[in-house]
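# Close look at the chain arrangement
Each chain, letter by letter, is given below.
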Amino acid sequence: MMKATKRGEVVWSGTWVAERLGVELVGDEEISGLLGLALRRNPKRAHLLVSNVLGKHVPQSPAVVWRAGYELGLRVRELLGDDAARQAVVLGYAETATGLGHSVADGLGLAPYLHSTRRPVDGVARAGGFEESHSHATSHLLLPEDPRLLAGDGALVLVDDEFSTGNTVLNTIRALHERYPRGHYVIVALVDMRSPEDRGRLADFAREIGARVDLIASASGTVKLPDDVLAKGQALVARHESLAEAPTARTEPRSEPGSGPRTEPLSEPGTEPGSEPRCVTGVTRVDLGWPASVPDGGRHGFTPEHRAALDAALPAMAARLSTPLGDARRVLVLGFEELMYAPLALAREVEKGTQAQVRYSTTTRSPVLAVDDPGYAIRTRLVFPAHDDPADGPGERYAYNVAGGEFDAIVAVVDSTADTPELHAPDGLLARLAEHAPHVLLAVVPSYVPDRAVPAKPERQPLVPPTLPEPLRGPAFSSYAPDEVGWLLQDLSDVDLEAPTEEREEAIQGGGAHYAESLPVEYQPSAEYQALFQSALEVSAARIAQAVGVVTETVLAERSPRPVLVSLARAGTPVGVLMRRWAQARHGLDLPHYAVSIVRGRGIDANALRWLAAHHDPADVVFVDGWTGKGAITRELAEALKAHQQNEGGPGFDPEIAVLADSGSCVRTYGTREDFLIPSACLNSTVSGLISRTVLRADLVGPNDFHGGKFYRELAGADVSTHFLDTVEARFDEVADAVDAQVKEMLSADRAPTWEGWAAVERISEEYGIHDVNLVKPGVGETTRVLLRRVPWKILARAGAGADLDHVRLLAEQRGVPVDEVAELPYTCVGLIHPKYTRGATGADGKAVAAK
C-alpha cells in the first residue's frame, strides 16, 4: 500500500487530499510519481487524479509528456503487429487525452488518429457520440472528415489518461460497436485505476459483444474512497472557496523582478498575421507559418501523412519563436483545451533547440480547487472567460499551476476559432498570463475545416411566411418566465371558445365537430382536490425529478449535445421547462424551448415547424411530451413530420419523441415506464402556465397562422405552475446519483417500443363493447383528463393501486363515475369515455348516467 509520505524533501502531491478525505492510492510504486490528488468543483465526483506526465494541469517537460504516450503506442504496435497496426484506428478522448492519443498514434506509427470533441462543426456530419458521466462537460462528438474512418475491420485503439471505472470507454465501445462492429478493441491509459469489481466487468463486456478487448497501461492501482467522500469533498471545497473570495484567489498574482508594465503592442484579433511578429501591450503575436494541408489536431482525423508533413515543418516554426523568446531561461508553452498536440509538438521542437527549461501544459474547462500547499497537486488557478464561442454557452476556463511558475516567457497556442475578442479582453487569458510573465507570445494555428464541410445554416432555412410572428412569452402570454418557453401559438384569449362538456362530447362523437375546435370549461378544483394535488406533489416530487433527469440525460447523450426542446402543448410544456432547468442546473446549458400545437387527426402545426426550421437546425429539435397512453400522439407526430418533409423538402425533423413517462411502451426516450401520478396531470391550465389546450378552427386559424390558444389571466389566483416546477427542481440534487446510475443502464439496454399499451386498449375496447379505441384513455394522466374534460363512463383501476389513484377516486366520486378494480391491468388505471354520446349521458347535476 502506498502511503502519503515524504520522500526526502519532496512531498507527494496527493498528501493534502489523502489526509483530509481518507483517500488512499494502492498499487504500483511508480503511481506516486505519475499522480497527485486534487478536489473537483463538480457534484458528481469529489477527487481528481492529477497526472504529472499528461501536460494538462501540471506543467511538464514536453519530451516527458510525448514520451509517455509514444511508449504506450510502441506497446500497442507490438501487440498488434505491423500488418494489423496499418488497419487500426486510434481514438482519443476530449479534452484531456487528445494530445496523449496523438502521441500513442505516433508510437503506433501506421494508423490514423481521431479524437472526440465537444465542438460541433457546421457541415461535418456526426458519426457517433457518447457520454462521460462524471465529467464536468459530458457530451462527446465524433466528427471524422471521412466517416469510413470508424467503419473499418481493424482494431480500434481507445486512449484516455486514466481508466478508472471503465464506464466511459465501455459506453464508447458499446455505442460504436452497434454502428461499426469490429473484432478487436485495445484500451490504452497512463494508469489503470479500476477496482477489482470493475476489472471483472471488462471480461464480461468482451464476452457480451463477442470481441477481443485488450488493455495497456503504464501503471496500475486503485483508489480507496470512504463512503462519505463526495459530501466531505464538497464541504471541503466550499470551505476553502469561502476563504478565497478575494481577487488574489482567482489569479494568484505574484510580484517578481521585471514584471512591471509591458509596452509591446498586440495585434487586433482576426487580422492576418504578417511575416514579422506584431505586438501591442504585453503580448507578441507570432506567425508560425503552419502548413495549410496539416490539420490542427485530430478532431476530423489525422493521418500518418499529416504527421510526416508536420514533422517536416516543425523546425521552421520553432525558429520563428526563437527570436521573440530571446534569452528566456524558463518557458511555458500553453495549449488550449482540446488543442494539445500542436502546442506539444511545438514545445518539443523548441526544447530541442534551446538551453532554456521548457515546460508544457494546457488550459481546461474543468473546475478544480486550488490550494497553495506542497502536498496538493493544483497550487494555483488562473480564471478567465471561454474564448471560442462554445456550443454549450459561455463560462469560466482555467489554467493551473501557471501562476507562481516563475516563467520568463509564456507561449499561448490557440486555434483560429479561439482567437476572439474574449481572448484579448482585459479579463481574458492573455491578460491573465501577462500578470505572471514578463513576455507573452501568441501563436495561432488555423482551425482545420474539412473540404466537405460547408456552412449548413443557409441551406437548411426554408422561406418563412412573412406573417409568422415571434413566439409568445410570459408574462404577456402565460405565467412562465419569458426564458422558460416560447409559445408558437396565436393568442385567442379574447375569443369565446368554451362550451359545456356534454355539448362538446355529443358534437365530437357525432362527427359534427373536432375536439380542437372548442375548449372545455376550465375545471376549478375544490379545496379538497387542491389539497390532494399538493399532497401528491410532495410525495412524488423526487420521483418526477428523477424521471426528468433520466430523460434529459438520455436526450443529451443520444440526440444532441445542445438540443432544441419543442414541447407538445400543453401537457408536454411543464416537462420541457423541467428538462431545460435540469440541463441548466447540471450542465450549465441554456437550451431553447418552444411549445407547439399537435392535434389528433390533423397533425402538427406546419407553420410552427417552418419557424423552427428557419431558426434552428431540425436535427437538433427534440419533441417533448408528458406521457404516452396508447401512443396515438406518437404516431400522429411521426406521420405529420413525414408529410411535412415530403411537402417542404430540406432537412427533416426527428420523429422520436421524448416523454417523462412511457407507460404505453411507445417510445425509446423516456424518464420512466412506470404508470404513476404526475401532478401536472391533475389540473388544467393552472399547472400549465395558465394556457388552454390548443385550438384549430378554420375561421380562426388561417394558412399562415399558428394554431391558437388562450391565456387565462383571470385564474392567476389559483395558478400553481411555477410552484410545481420549483418543487420538482428542488429535488434535483437529491436524485442526481440515481439518475446517473439509471442512465448508464438505459443507454445499454434494449428500449425498443413494444406498443403493449395499444394492444391493451384494443382489447379493452372490445371487452367493454365500446368498439372505438379513441374512447379508451389508458394511464393515470389520460384518465385524469377524461374526468376533467370529457364525459366519463367508468374507471378501471389495477387491483391494489394505492395513493397514485387518490385524486382519480375523488374526481370519480364528484362526477358519479364508478371505479372498477381489475386484475392484470397493464396500466395503473384506464378511463373510459361514455360510449353513448347524447346529452343524456349525464344527468341534470352533471353526473354520469349508466350506459344502456
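Throughout what follows, the structure given in this document is the object of discussion. Remember, it's a predicted structure, so these values are computed and weren't measured experimentally.

Relative to the elements of secondary structure, Arg348 occurs in helix α11 (residues 341–352). Although Arg348 is buried, it forms no salt bridge, and the closest oppositely charged side chain is Asp106 at an N-O distance of 5.2 Å. If near-sequence neighbours (up to four positions away) are discounted, Arg348 is found in contact with Pro62, Ala63 and Trp66.

With that settled, the discussion passes to the sheet that holds strand β34 (residues 792–798). Spatially, four strands are ordered β33-β36-β34-β35 in an open sheet, and the strand pairing comes out mixed. Either end of the sheet is taken by a strand with one partner, and the two such strands are β33 (776–778) and β35 (819–822). Strand-to-strand twist of the sheet, defined as the mean angle between neighbouring strand axes without regard to direction, takes the value 20°. Bridge count between β34 and β35: four bridges; the pairing is parallel. Considered in β35, the bridge of Ile795 is made with Val819. In the packing of helix α22 (residues 756–767) onto the sheet, contacts are made with β33, β34 and β36 (829–833), and the angle to β33 comes to roughly 140°.

With that out of the way, let us pick up the pairing of strand β25 (residues 564–568). Regular strands have side chains that alternate between both faces of the sheet. Burial within β25 is extensive, with five of its five residues counted as buried. Here β25 shows two buried faces, one formed by Val564, Val566 and Leu568 and the other by Leu565 and Ser567. As judged from the four bridges shared by β25 and strand β29 (residues 621–628), these two strands associate in the parallel manner. Its bridge partner being in β29, Ser567 is matched across the sheet by Val624. By the bridge criterion, four bridges tie β25 to strand β26 (residues 593–596) in an arrangement that is parallel. Following the sheet pairing, Ser567 is matched in β26 by Ala595. For the handedness criterion, the β-α-β arrangement of β25, helix α17 (residues 572–587) and β26 is classed as right-handed.

A sheet is described by the order of its strands in space; here six strands give the open sequence β21-β26-β25-β29-β30-β31, paired in parallel fashion. Strand pairing shows two members of the sheet lacking a second neighbour, β21 (486–487) and β31 (669–672), which therefore form its edges. Against the sheet, α17 makes contact with β21, β25, β26, β29 and β30 (658–662), and its axis sits at roughly 125° relative to β29, the strand it touches most.

Counting buried residues along β36, five of its five residues qualify, which places the element largely inside the surrounding structure. Residue alternation in β36 divides its side chains into two sets, Cys829, Gly831 and Ile833 and Val830 and Leu832, and both sets are buried. Pairing of β33 with β36 involves three bridges; the strand directions are antiparallel. Its bridge partner being in β36, Val776 is matched across the sheet by Leu832.

Moving on: the packing of helix α10 (residues 304–325) against α11. Two elements in contact, α10 and α11, have axes whose closest approach is 8 Å; the angle formed by their N-to-C orientations is 65°. Of the two elements, α10 crosses α11, and the hand of that crossing is right-handed. Residues Arg307, Leu310, Leu314, Pro315, Met317, Ala318, Leu321 and Leu325 of α10 touch α11, and the partners they reach there are Tyr341, Ala345, Leu346, Glu349 and Val350. Taken together, the residues that form the contact of α10 with α11 break down as eleven nonpolar, no polar and two charged.

Reading the values: rules and limits
- Residues numbered from 1 in each chain as written.
- Predicted model: local features only at pLDDT ≥ 70, side-chain atom pairs only at ≥ 80, totals over all residues.
- Heavy atoms only, no water.
- Helix = DSSP H or I, 4+ residues; strand = E, 2+ residues; numbered from the N terminus.
- Buried < 20%, exposed > 50% of the residue type's maximum accessible area, 1.4 Å probe, protein only.
- Lys, Arg positive; Asp, Glu negative; His and termini not counted.
- Salt bridge = Lys/Arg side-chain N within 4 Å of Asp/Glu carboxyl O.
- Contact = heavy atoms within 4.5 Å.
- Pairing = 2+ DSSP bridges.
- Axes fitted to C-alpha atoms, helices over the stretch in contact; angles between N-to-C directions.
- Right-handed = clockwise from strand over helix to strand, strands pointing away.
- Left-handed = near helix turned anticlockwise from the far one by under 90°.
- Nonpolar A, V, L, I, M, F, W, Y, C, P; charged D, E, K, R; others polar.

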